[in-house]
Amino acid sequence: MSEPEAPKDDAGIVAAITAAVAAREPLSISGNGGKRAMLRPVQAARGLSTRNLSGITLHSPAELVISARAGTPLPVIEAALAKHGQHLIAEPPDLGRLLGITAPATLGGMVASNLSGPRRIAGGAMRDHVLGARAVNGEGTIIHSGGRVLKNVTGLDLCKLLAGSYGTLAVMTEITLKVLPAPESTATLAVPRLDPAQGVAALAASLGSPYGVSGAAYLPAAAAAHIPELGAVGEGVALARIENFASSVVYRAGRLAAELTRFGQPRLVEDQESRAIWRAVRDAVPLTAGEEDAVWRVSVRPSAAPGLVHALAVMDARWFLDWGGGLVWIAAPAKASSHQAITAAATAAGGVWMLLRASEALRVGLDVLPPPSPVLARLTRRVKSAFDPHGILNPGRMYAGV
Amino acid sequence: MTVQPEPKEEVLARRKEIIAGLKDIAGERAVIGEPLRLRAYETDGTPSYRQPPLAVVLPETTEEVAAILRFCHANGVRVVPRGAGTSLSGGALPLADAVVIGLMRMNRILSIDYADRVATVQAGVTNLAITGAVAEEGFFYAPDPSSQLACMIGGNIAMNSGGAHCLKYGVTANNVLGLKIVTIEGEIVTLGGAYLDAAGYDWLGILVGSEGQLAIVTEVTVRILRAAEGARAMLAAFVSNEVAGAAVAAIIGSGVIPVALEFMDKPAIHACEAFAHAGYPLDAEAMLIVEVEGSEAEQDELLGRLEAIIRRFDPLSLKVAATAEESAAIWKGRKGAFGAIGRISPDYLCMDGVIPTSQLPAVLGRIGEMSREYGLAVANIFHAGDGNLHPLIMFDANDAASLAKAEEFGAEILKLCVAVGGCLTGEHGVGIEKRDLMPVQFSASDLDQQRRIKSAFDPDWLLNPSKVFPLAPPPVLKAA
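Here the structure is a predicted model, which means the values were calculated and not measured. (Residues numbered from 1 in each chain as written. Chains lettered and ligands numbered in written order. Predicted model: local features only at pLDDT ≥ 70, side-chain atom pairs only at ≥ 80, totals over all residues.)

Attention now goes to the interface of chain A and chain B. Facing the 71 residues of chain A at the interface are 76 residues of chain B. Every element with two or more residues in the side of chain A that touches chain B is listed here: β7 (142-146), α6 (158-162), β9 (180-181), α7 (196-207), α9 (246-260) and α14 (374-387) of chain A. The biggest single contributor to the side of chain A that touches chain B is α14 of chain A, with ten residues. When its residues are assigned to classes, the side of chain A that touches chain B shows 34 nonpolar, 25 polar and twelve charged. (Contact = placed C-beta atoms within 7 Å. Helix = DSSP H or I, 4+ residues; strand = E, 2+ residues; numbered from the N terminus. Nonpolar A, V, L, I, M, F, W, Y, C, P; charged D, E, K, R; others polar.)

Attention now goes to the sheet that holds strand β4 (residues 98-102) of chain B. Residue and element names in this part refer to chain B. Strand order in the open sheet formed by four strands is β1-β2-β4-β3, with mixed pairing between adjacent strands. Single-partner strands in this sheet number two, and they are β1 (31-32) and β3 (78-82). Direction of pairing for strand β2 (residues 55-57) relative to β4: parallel, over a ladder of three bridges. When the sheet's bridge partners are listed, Ala 55 is paired in β4 with Val 99. Helix α2 (residues 15-26) rests against β1, β2 and β4 of the sheet, and its axis sits at about 5 degrees to β2. Its contacts with the sheet put helix α4 (residues 62-74) on β2, β3 and β4, and the angle it makes with β4 is roughly 170 degrees. (Pairing = 2+ DSSP bridges. Axes fitted to C-alpha atoms, helices over the stretch in contact; angles between N-to-C directions.)

This brings us to the sheet that holds strand β6 (residues 130-137) of chain A. Residues and elements named next belong to chain A. Taken together, the five strands give an open sheet; going across it, the order is β3-β4-β8-β6-β7, and neighbouring strands pair in antiparallel fashion. Of all the strands in the sheet, the pair left with one neighbour each is β3 (56-60) and β7. Adjacent strand axes in the sheet meet at a mean angle of 15 degrees, parallel and antiparallel pairs treated alike. Across five bridges, β6 lies against β7 in antiparallel orientation. Across the sheet, residue Val 136 finds its bridge partner in β7, namely Ile 142.

A word on α4 of chain B. Residue and element names in this part refer to chain B. The end-to-end C-alpha distance of α4 is 18 Å, a good match for the 18 Å that 13 residues give at a rise of 1.5 Å each. Of the positions making up α4, those classed as buried are Glu 64, Val 65, Ala 66, Ile 68, Leu 69, Phe 71 and Cys 72. In the segment just after α4, Gly 76 is the residue with positive phi, at about 65 degrees. (Expected span 1.5 Å × (residues − 1). Buried ≥ 20, exposed ≤ 12 C-beta atoms within 10 Å, placed from the backbone.)

Here we come to the environment of Leu 360 of chain B. Within the fold, Leu 360 of chain B resides in helix α14 (residues 360-374). Taking C-alpha positions, Leu 360 of chain B is 9.3 Å from Phe 382 of chain B, a pair spaced 22 residues apart along the chain.

So this is what it looks like as structure tokens:
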């Protein structure tokens, strides 16, 4: 595919989509294109990028909102927020390393893929904080949903549908997010020498405590070895993060450590070291996915995670758990047989899965998301048609033929 | 008065047959067809709208709901879903030719899992009953609408209900993980489950807040959270709305997000004090209730920080609760606000606009002017942290002109909310009440896109019709 067209304003996006409709030629939709390696490849001769729709259009720290055009690089937004002591609540991952790209993710790309980091367990997903969006649908019509206020139940919440729709419904051009003050302080309790079942139980105890745990991950020994801040643990380790005011972090970490001693002797990791650990967890560094590996993300009931990873033991797979066990990151050789085994194990555990990274050849022939039931498949097609009746926007990105 | 669509004559003519068909599905005792008994369902929490339905059916299982919907769909009968009937936007108002499907008999808690921190309940379980079921283990269900004693989780899903504590814990949409729904065709579909990220399009996100337009919800899986160690409130009184508004901005800007941040204006303070004798400052123009959570020491620290901020705004008075009892006393007036207004004026409209919080003083100033122009008293209660404004407009329901004026006043307030960058409704929903105001907030294209989603789920527009969207022929989707 040639270099995508990258208009500088909404009118340019409208014109590009209108032209594509007239020509009946589908468009591959992207921001900086970093997530092309995710999900199914789009068969389109032309591309349309939002990367030139850039810039923060509103930041009102005392109202906890920020608006930016969709192509704004995420680091630009994070820096603007940091100036006012604020942050993105869902802690979106930087998948640059995992996906082998250098260009930063755009706001639009991150919302369109609804990817959230460790704080999702406490603060919600990217989609939870999308207050409003402007977008161009597959007929070249500009639509708005939501607004710039924190509470809004006026009409159907199209923002939720657009978040996580990977550009298949409409091209978002501007997005407003709820943001929050970044915590004053942070610390992590690392409970060593736990097997997966003990680890998830320790995380459940942490998350079921009144101390506001905002990160809960379990790393098997091989994964833990790739986070230097953890030291040489040599066995599986459960990690519970507390973020709060400085005095509260001291208090809560102390109380939680006392509750966790029944699982092992927790070690306190503070400040910068704690932040480094969670950056690594956020970006799936402990997964150590090799070049030849494919990567899956499985969303599952936390208590089912130990059984799921036990089922992976027979294959050449690396994994770790986030979200208290509710998110399983898996890397394994990029083969259809790995995919079948992993998705079967995820399904058997009652979870849902996503093939996050694989060679194009592999992705084109496989389901990258669980196939929907017949009724949901029909609703998927009808909702797609409601936004994009001519099938112009990112066709086949999520499901073949949609 | 809001225009309703003409009833379908062919449906009215087949009334007996339809009632018999419903009885075949759900049993004799689950169907109400007698005019006198139907009166109980003619309105909801918005009694200025009334219309008895054709019939009411009270199913007990998802399968019965599915069979009822299949029957209604096959017979072209409109359907109005109903939970506890507490809607403040007329969301459960029947139509003369519609069957009301009441979910109140589906009131079982199906499972509670503390390790995974989820509970699955039927749609007719009350909001507070979920918290009641898990409180023993120190857990709670976070969204806490004022009607939580009565309102049902199915209705909370429909309206994406909030509450005073959603500044910290989010609204219904942020706390729902799974749904069992029945489509208008009578198909049962499970969406999401006891895990955080569901697959495919965000079905949960579009269903929550869809006001019964897309499907009927029969089961809900929610997150349950461990409660904080404790909570305590403080009360601060100010010389003007402007100063109180500036204090709110300073609090949020400081990095302290209280678990609740409630604002009351002078008429609201006086009404609540006369009713609850909570010790509210009658000399104040505006008052804030600020609540924090944590251990005793953490509460002290946070309340100390907040006190230091508030002192910068020369409060008329500042009372920091020393105990849970004192905290309850501070909340007592606010929690009784609706009863308090009801004592002054038996009839009032509770509006529900949202504004950018920076606009608060200007908006309250303009509402005061409008109150004088319309000759109707208004008291303002405000979830100040998230900009959700509840003006309570007092009127006399025995005087049709007074009601009409109150409705017009309310509509003008909502238009003002939109004009300053806000929206028509923050937690009550559009329902019938704000249906015809939708073009104030949305362009024709915006509304058309929403209406097409409605058509995607409900091509014949049989589900809760004549709500949310201004009346117009349904859009037809390209075959998919």
